Amino acid sequence: MDIQRKKRPWWLRHKYYLLGGVTFLAFVAYVVRLTLMPEQYRVAAADVSVARVERAPFWEYVDVSGTVAPILTVQVSAAEAGSVARVVGSEGGLLRAGDTLLVLENAELLRDIAEQDDERSRQLTAYREQEIEMRQKSINLQQQAEENAYELRRLRREYAQNREEFAMGIISQAQLEVSAEEYAHRERMARLQRESLRQDSAATELRRRLIRADMAREERKYVRALDRLGGLVVTAPVAGQLSYVGVTQGQKIAAGEAVAQIKVLDRYKVQAGVSEFYIDRLAAGLPASLTYRGRKYALHVSKVVPEVTDDGTFAVDFVFDGAVPDNVRVGKSLRLQVELGQPEEALVIPRGDFYATTGGRWIYKLTAAGDKAVRQSITIGRQNPRQFEVVEGLAPGDRVIVTGYARFGDAEEVVLDD
């Protein structure tokens, strides 16, 4: 007789199917959970920098790097044309005002000066001859005047005698009239002679002044010619460092051609390239400062060139307001801080690499527990080399991650492990 076997429960008969189904459902739930949960990145707390948002004085300034340059660079030009006979100054050498840089030679100029000297000598000789002639003419006129005066005195005595003789009846009325007429004629001639002498004296004095003026003019022309000869020696107009000599021995140069360059080293300026972000903020007169070996030095913006170069910067010159660092040299690099306004109370956070990654649009803000940080949208306002001004999105006392963003990727949360 057959024994009836018990039938196994359904769940035992289909246990493999059930196990597979449960495994599949668990996988689906895990995938759904991963999909719905925010993406996280785990990092050691010691590997990131956490800063606290706070209200503090915000000093708006820009930190720039500049290079020391001479306050003035002087171009030296040749006053006269010629060929370079000798180069005396050496590049890099220190000069005093008046030191010789170049010696030129110009044969044509020497001939012109010699011809002008000959012409000057001829003119001076002619002027002296004219002066002798005038002096001789004046002497002759004075002699004539003296003779007329003598003759007038003789006729006056004779006329007086004739009047006495006429009174005594010795001579006739006709003889007295002849004597009177002759005396009157000689008196008129003497008066005219005196007037002629006076006019001649005035004319002679005028001609002498003109001759002296002409002689002085010729002398000045000759002195100017000699000065041109001195222009063949090119000298340093100011004291400084000879930074450049642009000619060689034997080279021909034109009058007014630049031949050298001198850097004036008694004062310095700092030349810097500033980001175009500040092109509307920087203007001549703004204060600046630098700290060198523990001491602070004051400067100000002296010149702004509002032309942006290919590297996104524009040129700015700074000059020292007073003391200058002792060992400042041309070409030395210095860090400056340019003040853009007075300090104001603001909500600030320290600078960090988050700005380069997020563009200042968001930041990781720590939760109250402090074990993780989540994305928080923010708005950044002004900035300086140490701080960002937070306009929206954060409150005083909030803590945020400011470094390490390059490795966080697109994580929505950053988990901080101890």
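Our subject is the structure that appears above.
Just so it is clear, the structure is predicted and the values come from calculations on it, not from any experiment.

## Describing the overall build of the chain
Counting its secondary structure elements, the chain contains five helices and 22 strands. Expected size for 418 residues packed as a compact globule is a radius of gyration near 22 Å; at 53 Å, the chain overshoots this value by more than 25%. Among the 418 residues that make up the chain, the fraction classed as buried is 31%. Restricting to contacts in the chain with at least 6 residues of sequence separation, those with at least 24 account for 76%. Carbon and sulfur atoms provide 51% of the accessible area of the chain, an area that totals close to 26,400 Å².

## Digging into the sheet that holds strand β2 (residues 50-52)
Strand order in the open sheet made by the six strands is β1-β22-β18-β17-β21-β2, with mixed pairing throughout. Sheet topology places β1 (40-44) and β2 at the edges, where each strand pairs with a single neighbour. Geometrically, the sheet is characterised by an average inter-axis angle of 35° between neighbouring strands, direction not taken into account. One ladder, built from three bridges, connects strand β18 (residues 372-377) with strand β22 (residues 413-417); its direction is antiparallel. Note on β22: the bridge partner recorded for K372 is V415.

## Some thoughts on the sheet that holds strand β7 (residues 100-105)
Spatially, four strands are ordered β8-β7-β5-β10 in an open sheet, and the strand pairing comes out antiparallel. Sheet topology places β8 (233-235) and β10 (252-253) at the edges, where each strand pairs with a single neighbour.

## Here we look at a negative patch on the surface
Taken together, the side chains of E108, D112, E115 and D118 make up a negatively charged region of the molecular surface. Residue placement: D112 occurs in helix α3 (residues 107-168).

How each quantity is defined
Residues numbered from 1 in each chain as written. Predicted model: local features only at pLDDT ≥ 70, side-chain atom pairs only at ≥ 80, totals over all residues. Heavy atoms only, no water. Helix = DSSP H or I, 4+ residues; strand = E, 2+ residues; numbered from the N terminus. Rg over C-alpha atoms; globule rule 2.2 N^0.38 Å. Buried < 20%, exposed > 50% of the residue type's maximum accessible area, 1.4 Å probe, protein only. Contact = heavy atoms within 4.5 Å. Areas by Shrake-Rupley, 256 points an atom, 1.4 Å probe, with all protein chains shown as cover. Pairing = 2+ DSSP bridges. Axes fitted to C-alpha atoms, helices over the stretch in contact; angles between N-to-C directions. Patch = residues over 30% accessible without salt bridge, like charges linked within 9 Å, V, L, I, M, F, W, Y side chains within 5 Å. Salt bridge = Lys/Arg side-chain N within 4 Å of Asp/Glu carboxyl O. Lys, Arg positive; Asp, Glu negative; His and termini not counted. Charge placed at Lys NZ, Arg CZ, Asp CG, Glu CD.

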